[in-house]
Amino acid sequence: MGQILLADDVEFLRKLYGDIVSSTFPNYEVEFFQNGGSLVERLERGVGNIALILTDNSMPPGPTGSEIIRKYAKSPKFDGTIPFILSYAGDEEIGKKAIEDGAFSFIQKPFDLSQLVDIIQKAFDKYKK
């Protein structure tokens, strides 16, 4: 079973996104992270069976989602084979920069949950996960 890594510092949003992702993509296990530091710890353990990474941008303490994408999305370990999706509130330039840094896509908060499902499905279609 593939894994979806889901990082957001807001517990309510982690649960909401996790419930939607788990019910829509039941063949994937969702692993939760409450900040950038805990997500980095997981990424440092290796790729394993990671199918997708959804990360919020601002998740103190530790690195932002943008910094994580910049470091890992194009790294030899991940080699462009795992889609990263950035969620964030703020200027669209944050999302555009994430794409330049190797993210598959971005989604600006607040968003409709169907948009999130659509982006994840497109990532799976492209990456055949």
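All of the points below concern the structure found in this document. (Residues numbered from 1 in each chain as written. Predicted model: local features only at pLDDT ≥ 70, side-chain atom pairs only at ≥ 80, totals over all residues. Heavy atoms only, no water.)

A word on the side chain of Ser66. Inspection of the secondary structure assignment puts Ser66 in helix 3 (residues 65-72). Ignoring any residue separated from it by four or fewer positions in sequence, one finds Ser66 in contact with Asn57, Leu86 and Ile94. (Helix = DSSP H or I, 4+ residues; strand = E, 2+ residues; numbered from the N terminus. Contact = heavy atoms within 4.5 Å.)

Below, the discussion takes up unusual backbone geometry. A cis amide bond, omega -5°, links Pro60 with the succeeding residue Pro61. Relative to the helices and strands, Pro61 is located in the loop between strand 3 (50-56) and helix 3. Along the chain, Lys109 connects to Pro110 via a cis peptide bond; the corresponding omega equals -5°. On the secondary structure map, Pro110 appears in the loop between strand 5 (105-108) and helix 5 (113-127).

Pairing of strand 1 (residues 2-7) with strand 2 (residues 28-33) involves 6 bridges; the strand directions are parallel. Directly across from Ala7, in strand 2, lies its bridge partner Phe33. Handedness of the β-α-β unit built from strand 1, helix 1 (residues 11-24) and strand 2 comes out right-handed. (Pairing = 2+ DSSP bridges. Right-handed = clockwise from strand over helix to strand, strands pointing away.)

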